[in-house]
Amino acid sequence: MAISLTLFPVTASSPPSSFFSFNRFSRSRHFAYLSSSSSQTGVLRATTRKFAFATKSKSVATMAANQEFTGNLKRQLEKLFDVSVKATAPDVPGVKPLIDIGKFGDYQCNNAMGIWAKIKGKGTQFKSPLAVGQALMTSVPASEMVESCSVAGPGFVNVVLSAKWMAKSIENMLIDGIDTWAPAPPVKRAVVDFSSPNIAKEMHVGHLRSTIIGDTIARMLEFSKVEVLRRNHVGDWGTQFGMLIEYLFEKFPDTDSVTETAIGDLQAFYKESKSKFDSDPVFKEKAQQAVVRLQGGDPIYRKAWAKICEISRTEFAMVYKRLRVELEEKGESFYNPYIPSVIEELNSKGLVEESEGARVIFLEGFNIPLMVVKSDGGFNYASTDLTALWYRLNEEKAEWIIYVTDVGQQQHFNMFFKAARKAGWLPESDKTYPRVDHVGFGLVVGEDKKRFRTRSTDVVRLVDLLDEAKTRSKTALIERGKDKEWTPEKLDQTAEAVGYGAVKYADLKNNRTTNYQFSFDEMLNDKGDTAVYLLYAHARISSIITKSGKDIDELKKTGKLALDHEGERALALHLLRFAETVEEACTTLLPSVLCAYLYELSNRYTTFYSNCQVIGSPEETSRLLLCEATAIVMRKCFHLLGITPVYKI
């Protein structure tokens, strides 16, 4: 039979009771599944059985009840059920509480079947996983956060949170700030390696994914109090610079006078130099010699190289400014001086072997070796990436290093990660710190499901894409008559916020490992799971608060929140799940988890507002506070996704 437990908190003014009071489901919406042993029909139904029992130990009854919300509901419930698990199965070591969102409660503990599997047939007092579940429930310490518990099916312990405690937790956030809800990951410093365009090539739509996914991961970690080193590992070194420098000398003998305007389109400049390299043997030989001189430190060639890099950086910086993305460049050239000593360290550990003139590392599980020195003595991606990893671990003292690139590079990362483990730089477990992760992402495709390109089959330039998004957004706002209501500056700022936000959200809401189809029409739709819909929802909430005429900052200090209506409670519960959502998104490195949360938050707010009058109702103060809490959480979600909120539409 499914039973229910209401936990009465212990306070300093009232000594612990030796009894807990049980009751059937105190909320009519909660049900338990009755197993076939207690119900032949196996239907969902509730009963009203009540009984009491003596506490098993003093520690259960006297655990602190005034449990303040530290930001993560799951983590706090895990602490409660850790006591319960140890009391129920003291002879089963290493059992961690398994807490998840519940079907018949707000959360549920799923440990009963696992514990039963370990104790079955070993002289245990329990006769079934249901009995284990009942014991887990009765051993849960008293806490103000828990209103009631019940057991269903094969021992699932359903937990209903206290509406009073939920309201108080949100009130505290309104006063103390949402940063009090930040997760607390087990690292202090991380490197996020993202964007990483190549010098002399324009940023295109493919760079968009790495840039905004990496930025969101960095923002989530920064919110979680992690020091993040945002690294732009630009391709600023290699054989291609020989042809670029020689072509620069041919077109501009006086390189000191070369400007971005003089070169014009850097992408076209690259194509022209590549065409000459492929068709002119004399030029090709000069270009190859230029590489040697550049890498040998020739000041003239170094100066020309620096000029090309400077022009590229200027273009990159304009894109990053528009996207509101911050990065610190440490490109391939930065690590170049460290490569020989790193290769020597690997060699001294017996990892480097000769193979067909090249120097390689053989790795178990791969049918090709990892080349670290080419047959001509030059270095490659693997030598640079291994050196960058060594530097980040030893010089920058990073505990977590995250690489954001397309999924096509997965094997490369798997191989050099394995080489690092073989060298003893990283622990054998990929979940132990210091840790490395490759955050792979799929292609951006067009309506034909092929790589997104222009009609002339060129890759889409990122600046053109952003321009188009802003233009379309502005057109939509003008069609709504906003050009007559707003100043030109406000119209432009809002068009930019909505347009760029739409591009970012359309990418981030998808599971990053899959390809996603780019469509301006879909991403700029003001209905459905789009940034436009979410930004408009936030603007509507802001408008409601403004129309109330109340000083919301004063209400935060003096007002009280009540969650008596089901719509109020459902919205509050989702707000309180913010911290665990950010933690999940950080742990899985999936920004789409946060996007799904934000969209559901907007939906729950809509349900709340449709059923609960705000302005002019007896509950106006409480409901305005709930509106403000929703707006605060939405704004933090926008910030983590790199989206600028709008307050009026």
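Residues numbered from 1 in each chain as written. Predicted model: local features only at pLDDT ≥ 70, side-chain atom pairs only at ≥ 80, totals over all residues. Heavy atoms only, no water.

Q: Which parts of the structure should I look at to understand the state of the cysteines?
A: Where two cysteines share a covalent bond between their sulfur atoms, that bond is called a disulfide. Counting across every chain of the model gives zero disulfides. As a non-bridged cysteine, Cys637 has Cys595 as the owner of its nearest cysteine sulfur, 8.8 Å distant. (Disulfide = S-S within 2.5 Å.)

Q: Could you clarify how one ought to interpret the sheet that holds strand β15 (residues 370-373) in this entry?
A: Consider a sheet: its strands pair through backbone hydrogen bonds, and that pairing is either parallel or antiparallel. The sheet built from three strands is open, its strands ordered β13-β14-β15 with antiparallel pairing. With partners counted over all chains shown, the strands left at the sheet margins are β13 (352-355) and β15, one partner each. Strand-to-strand twist across the sheet, computed as the mean angle between neighbouring axes with direction ignored, equals 45°. (Pairing = 2+ DSSP bridges. Helix = DSSP H or I, 4+ residues; strand = E, 2+ residues; numbered from the N terminus. Axes fitted to C-alpha atoms, helices over the stretch in contact; angles between N-to-C directions.)

Q: I tried to follow the environment of Gln240 on my own but got confused; where do I start?
A: Note that Gln240 resides in helix α7 (residues 240-251). The class for Gln240 is buried, based on a relative accessible area of 19%. Sequence spacing of Gln240 and Ala290 is 50 residues, and the spatial spacing of their C-alpha atoms is 10.0 Å. Apart from residues lying up to four places away in sequence, Gln240 is in contact with Gly235 and Tyr270. (Buried < 20%, exposed > 50% of the residue type's maximum accessible area, 1.4 Å probe, protein only. Contact = heavy atoms within 4.5 Å.)

Q: In this structure, what is going on with the packing of aromatic side chains? I would like to understand it.
A: Note on aromatic pairs: each is described by the distance of the centres and the angle between the planes. Within the structure shown, the criterion is met by 23 aromatic pairs. With a centroid separation of 6.0 Å and an interplanar angle of 80°, the aromatic rings of Trp400 and Tyr433 are classed as edge-to-face. Pair noted here: Trp400 is in strand β16 (residues 400-406) and Tyr433 is in the loop between α15 (410-422) and β17 (435-441), with a separation of 33 residues, a long-range link. Tyr433 sits in the partly exposed class, given a relative accessible area of 28%. Between Tyr605 and Phe608 the ring centres are 5.6 Å apart and the planes differ by 55°, which places this aromatic pair in the tilted class. One end of the pair, Tyr605, and the other, Phe608, are both in helix α24 (residues 591-611), three residues apart, so they sit about a helical turn from each other. Given a relative accessible area of 7%, Tyr605 falls into the buried group. Here the aromatic residues Phe334, Tyr335, Tyr338, Trp390 and Tyr391 are joined through ring pairs into a cluster of three or more. One Lys or Arg, Lys330, reaches over the ring of Phe334 and ends 5.0 Å from the middle of that ring. Between the NZ or CZ atom of Lys490 and the centre of the ring of Trp486, over which it lies, the distance is 4.8 Å. (Phe/Tyr/Trp six-rings, centres within 6.5 Å; stacked < 30°, edge-to-face > 60°. Lys NZ or Arg CZ within 6 Å of the ring centre and 35° of its normal.)

Q: What is the right way to read the pairing of β17 from this model?
A: In regular strands, side chains alternate between the two faces of the sheet. Among the seven residues that make up β17, seven are buried, leaving the element largely enclosed by the rest of the structure. Taking every second residue as pointing to the same face, both faces of β17 are buried, with Arg435, Asp437, Val439 and Phe441 on one and Val436, His438 and Gly440 on the other. Pairing analysis gives seven bridges linking β16 to β17, with the strands arranged parallel. Within β17, the residue paired with Ile401 across the bridge is Val436. For the handedness criterion, the β-α-β arrangement of β16, α15 and β17 is classed as right-handed. (Right-handed = clockwise from strand over helix to strand, strands pointing away.)

Q: Would you explain helix α13 (residues 339-348) in this entry?
A: Side chains that are three or four residues apart share a direction in an α-helix, a result of its 3.6 residues per turn. Listed as buried for α13 are Ile339, Val342, Ile343 and Leu346. The arc that holds every buried residue of α13, seen down its axis, measures 100°, which confines them to one face. On the buried face of α13, the contacting elements are α12 (332-335), β13, β14 (358-361), β15 and α14 (381-394). (Arc of directions from axis to C-beta.)

Q: Would you mind going over the sheet that holds strand β12 (residues 328-329) with me for this structure?
A: Within the open sheet, the five strands sit side by side as β12-β11-β10-β16-β17. Their pairing is parallel. Looking at strand neighbours, the two that pair on one side only are β12 and β17, the edges of this open sheet. Summarising the sheet, strand β11 (residues 227-232) and β12 pair through two bridges and their orientation is parallel. The partner of Asn232 across the bridge, within β12, is Glu329. Of the strands in this sheet, β10 (189-193), β11, β16 and β17 are in contact with helix α6 (residues 205-223), which crosses β11 at around 165°. Across the sheet, α15 is in contact with β16 and β17; its angle to β17 comes to roughly 175°.

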